[in-house]
Structures are given as C-alpha cells and as structure tokens.
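Now for the letters of each chain:
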Amino acid sequence: HAHARSGNIEAAERGMEMMHKNGIAANVVSYSALIHACVKIGDVERAEKWFSQMRQAGIQANAVSYSALLDVCAKAGDWTRAERWLGAMQEDNVAPNVVCFNNVIDA
C-alpha cells in the first residue's frame with residue numbers, strides 16, 4: 001500500500017499482479033488502495049477500471065472504495081460522474097458518509 005499512498009500507480013499495480021500470481025486474493029482494502037493511487041494522479045478512468053475489476057472479482061464495495069471514486073471525480077471537476085457514482089453507491093446499499101458527500105460537493 002506504500003506505492004499507492006505515494007501515487008506510484010505502476011508499482012501498486014505490479015504489487016496487485018504479484019498477489020494474483022502468488023495465489024493471494026485481493027480484498028476491498030487492496031482495491032481501494034489502488035483506487036486511491038489513481039486519485040493521487042487524477043486518473044478517473046483508471047480508478048473506474050480498478051473498481052470494475054473489484055466488482056467482477058465478486059468483492060463488495062464499501063464506503064471507502066466509493067469515497068475514493070468520488071474523490072477522483074472531484075479532483076477532475078467531474079460533478080456529473082461524482083453524482084452518478086453516489087447514486088450507484090446508494091443503489092448498492094452502501095451508506096454514504098460525510099466524506100462521500102464532501103467529495104461530491106467538491107466536484
């Protein structure tokens with residue numbers, strides 16, 4: 001997760017690949033860390049790609065993973081995308097927290 005915190009998305013992605021190669025299952029924390037790395041570099045599409053891969057792996061998103069998506073949308077100034085993700089969050093029965101709403105407001 002150190003690579004993700006520093007915004008080194010390529011290294012973070014290599015770490016995820018190594019986990020998979022070694023038979024270690026990623027969880028919501030692993031994917032959320034990758035999405036946060038995308039926030040650091042402002043890459044909305046890449047964040048959405050990782051979120052989609054997490055869901056395809058059968059991992060339930062939580063408020064932290066949605067918050068990261070909302071954050072990257074806010075940093076990109078994409079309020080329509082942020083509102084869409086907030087709606088998806090609610091449809092997914094994940095309760096938005098104050099951070100989620102603040103991210104939408106910031107978008």
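First, a word on what this report is: a plain description of the structure on this page. Fair warning: this is a prediction, and the values are worked out from it, not measured in the lab.

**Focus: the environment of Ser67**
In step 1: Within the secondary structure layout, Ser67 lies in helix α5 (residues 63-75).
In step 2: The exposure class assigned to Ser67 is buried, which follows from its relative accessible area of 9%.
In step 3: Sequence separation between Ser67 and Ala82 is 15 residues, and the spatial gap between their C-alpha atoms is 9.7 Å.
In step 4: Beyond its immediate sequence surroundings of up to four residues, Ser67 is in contact with Val99, Cys100 and Asn103.

**Observations regarding the packing of aromatic side chains**
Two descriptors summarise a pair of aromatic rings, namely the distance from one centre to the other and the angle between the planes of the rings.
In step 1: Per the stated rule, a full pass over the model turns up four aromatic pairs.
In step 2: Between Tyr31 and Trp50 the ring centres are 6.2 Å apart and the planes differ by 50 degrees, which places this aromatic pair in the tilted class. You can see Tyr31 sitting in helix α3 (residues 28-41) and its partner Trp50 sitting in helix α4 (residues 44-56), a full 19 residues away along the chain. Trp50 carries the same exposure label as Tyr31, and that label is buried.
In step 3: Through a chain of ring-to-ring contacts, the aromatic side chains of Phe51, Tyr66 and Trp85 assemble into a single cluster.

What counts as what
Residues numbered from 1 in each chain as written. Predicted model: local features only at pLDDT ≥ 70, side-chain atom pairs only at ≥ 80, totals over all residues. Heavy atoms only, no water. Helix = DSSP H or I, 4+ residues; strand = E, 2+ residues; numbered from the N terminus. Buried < 20%, exposed > 50% of the residue type's maximum accessible area, 1.4 Å probe, protein only. Contact = heavy atoms within 4.5 Å. Phe/Tyr/Trp six-rings, centres within 6.5 Å; stacked < 30°, edge-to-face > 60°.

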